[in-house]
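The chain contents come next:
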Amino acid sequence: VSHQQRFKSRKDSLLGVKCVDFKKNTRFLHTAKSLKQNQVDILSLVQDARLNVGNVQMRDLKNAPLPVFWFGVAGLVPYVAPVFVQVFTGYMPVLGSAQLLYSGTILSFLGGSKFGSMLHCDKNDCSWKNIGLAMIPAVWAWSALLLPTGFAFLTVGTGLIASLVIDLATSKYPPWFVSLKCFLTFTAVLFVLLCLKQYLFNNRHYYEAAVGEKSN
């Protein structure tokens, strides 16, 4: 491969035109058929996301820029730390709330990232439907934080998964970014669910309130 061809392929990969692995064949990300038709079809989104899951390879993480990778991993600390602390202390409302608020912030950040990526796409890709999908995580996060604690944990967890599905179905990110997002998303969701488990089964405040209501 000539230097000019290699440079063009890398440029196209960064712009989301295609994702190239020089040691192997070119790999493409699918785009939801429903979005090409300027219609949002949830079933098509999920199906296209499933197709792209097969293209996700964790070994692509080695191609991730080190600052992006390590800042991403560091971003898991507010998910992991409350769970480990609460193993010894039991559920603490302040730590649970901290994780929920951080999850809402991350969801809004993911929506903003999606919105920003659409600005570099073709004019046809920067449609009402695509931009609308980019707005979903922020609205989802806001809605989750208005719910009672238990439902809020479930809502932010499903919101993180929904954001991943949207990206897998509609994004034109390079493979390393998709692999990194899958790794970070599944880890974050795991610790959100663990924190929910602690809220339900290791929460003396919850049981004290329940006992108080029964005694009254």
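Residues take numbers from 1 onward in each chain, read along the sequence in its written order. Per-residue local features are limited, in this predicted model, to residues with pLDDT of at least 70; the limit for side-chain atom pairs, both in listing and counting, is 80 or more; totals at the level of whole chains, interfaces and linings are taken over all residues. Remark: hydrogens and water are excluded; side-chain values derive from all non-hydrogen atoms of the structure.

**Student:** Now, about the packing of aromatic side chains: what can you tell me, with residues and values included?
**Tutor:** Any Phe, Tyr or Trp ring, taking Trp's six-membered ring, that has another such ring centre within 6.5 Å forms a pair; planes under 30 degrees apart are called stacked, those over 60 apart edge-to-face, and the others tilted. With the rule as written, the count across this model stands at 6 aromatic pairs. Here the aromatic rings of F84 and F191 are separated by 6.3 Å at their centres, their planes lie at 40°, and the arrangement is tilted. A residue pair is termed long-range when its members are at least 10 positions apart, and F84 in helix α5 (residues 77–89) and F191 in helix α9 (residues 175–201) qualify at 107 residues. A relative accessible area of 13% places F191 in the buried class. Three or more aromatic residues joined by ring pairs form one cluster here, namely Y91, F153 and Y199. What counts as a helix is a DSSP run of H or I of at least four residues, what counts as a strand is a run of E of at least two, and both are numbered from the N terminus. Each residue's exposure class comes from its accessible area (1.4 Å probe, protein chains only) as a fraction of the maximum for that residue type: buried when under 20%, exposed when over 50%, partly exposed otherwise.

**Student:** Please give an account of the confidence of the model for the protein that cites residues and values.
**Tutor:** The predictor's confidence in any single residue is recorded as pLDDT, a number from 0 to 100. On average, residues of the protein score 76 in pLDDT, and 66% of them reach the 70 mark or higher. Should any heavy atoms of two residues lie within 4.5 Å, those residues are considered in contact. Within the model, pLDDT remains below 50 along residues 1–38, and this stretch shows 59 contacts once partners closer than five positions in the same chain are excluded.

**Student:** Give a description of the environment of C195 that names residues and reports values.
**Tutor:** Along the chain, C195 turns up in helix α9. When its relative accessible area of 0% is taken as the criterion, C195 is described as buried. For the pair formed by C195 and Y79, sequence separation is 116 residues and the distance between their alpha carbons is 8.6 Å. Once residues lying within four places of it in the same chain are set aside, the contact partners of C195 are V83, Q86, Y91, G96, Q99 and F153.

**Student:** Got a sec to walk through helix α8 (residues 149–170)? Specific residues and values, please.
**Tutor:** Take the residue count of a helix, subtract one, and multiply by 1.5 Å to get its expected span. Along its 22 residues, α8 runs 31 Å from first to last C-alpha, staying within 8% of the 32 Å computed at 1.5 Å per residue. Of all the 22 residues making up α8, 16 are buried; the element is thus mostly covered by neighbouring parts of the structure.

**Student:** For the packing of helix α6 (residues 93–118) against α9, give the residues involved together with the corresponding values.
**Tutor:** Lines are fitted to the C-alpha atoms to define the axes, a helix being fitted only along its stretch in contact, and any angle between axes, read from their N-to-C directions, falls within 0 to 180 degrees. Remark: α6 packs on α9, axes separated minimally by 11 Å, with the N-to-C direction vectors making an angle of 155°. Considering the angle they form, α6 stands roughly antiparallel to α9. The hand of the α6/α9 crossing is left-handed. Two secondary-structure elements touch here, α6 through G96, Q99, S103 and L110 and α9 through K181, F191, V192 and C195. In this scheme, roughly parallel covers angles under 35 degrees and roughly antiparallel covers those over 145, while 65 to 115 is roughly perpendicular and the rest are oblique. For a crossing to be left-handed, the near helix must be turned anticlockwise from the far one by less than a right angle; the clockwise case is right-handed.

**Student:** Describe the UniProt feature "transmembrane region" (unreviewed entry) in the protein, listing the residues and the values that go with them.
**Tutor:** UniProt positions are given in the numbering used here, feature names are shortened, and annotations may be inferred rather than shown by experiment. The feature "transmembrane region" (unreviewed entry), as annotated in UniProt, sits at residues 68–88, 100–119, 131–156 and 176–196 in this numbering. When the span residues 131–156 is considered, its composition is 88% helix and 0% strand, and the gap between its end C-alpha atoms is 21 Å. Counted over residues 176–196, helix gives 100% and strand 0%. Its end C-alpha atoms are 30 Å apart.

**Student:** Let's hear about the pattern of salt bridges: which residues, and what values?
**Tutor:** Salt bridges are counted wherever a side-chain nitrogen of Lys or Arg sits within 4 Å of a carboxyl oxygen of Asp or Glu. Counting across every chain of the model gives 1 salt bridge. Among the ionic pairs, D167 bridges to K181, the shortest N-O distance being 2.3 Å. Of the two residues, D167 sits in helix α8 while K181 sits in helix α9, which places them 14 residues apart along the sequence.

**Student:** Break down empty space enclosed by the protein for me, citing the residues and quoting the values.
**Tutor:** A cavity here means a set of 1 Å grid points, computed over protein atoms only, where a 1.4 Å probe fits but cannot escape. A pocket is an open set with protein on both sides within 12 Å along at least 5 of 7 lines, and lining residues have an atom within 4 Å of a point. Grid points are joined across faces, edges and corners, and a volume is the space filled by probe spheres set on the points. The final tally for this structure, using the stated rule, is 2 cavities of 30 Å³ or more. Volume-wise, the second largest cavity comes out at about 40 Å³. If you go around the second largest cavity, the residues you meet are L110, K114, L133, A134, P137, S163, I166, D167 and K181. Of all the elements in the fold, those that place two or more residues in the lining of the second largest cavity are α6, α7 (128–145) and α8. Only Asp, Glu, Lys and Arg are considered charged in this grouping, and only Ala, Val, Leu, Ile, Met, Phe, Trp, Tyr, Cys and Pro are considered nonpolar; every other residue, Gly among them, is considered polar. Classifying every residue of the lining of the second largest cavity gives 5 nonpolar, 1 polar and 3 charged.

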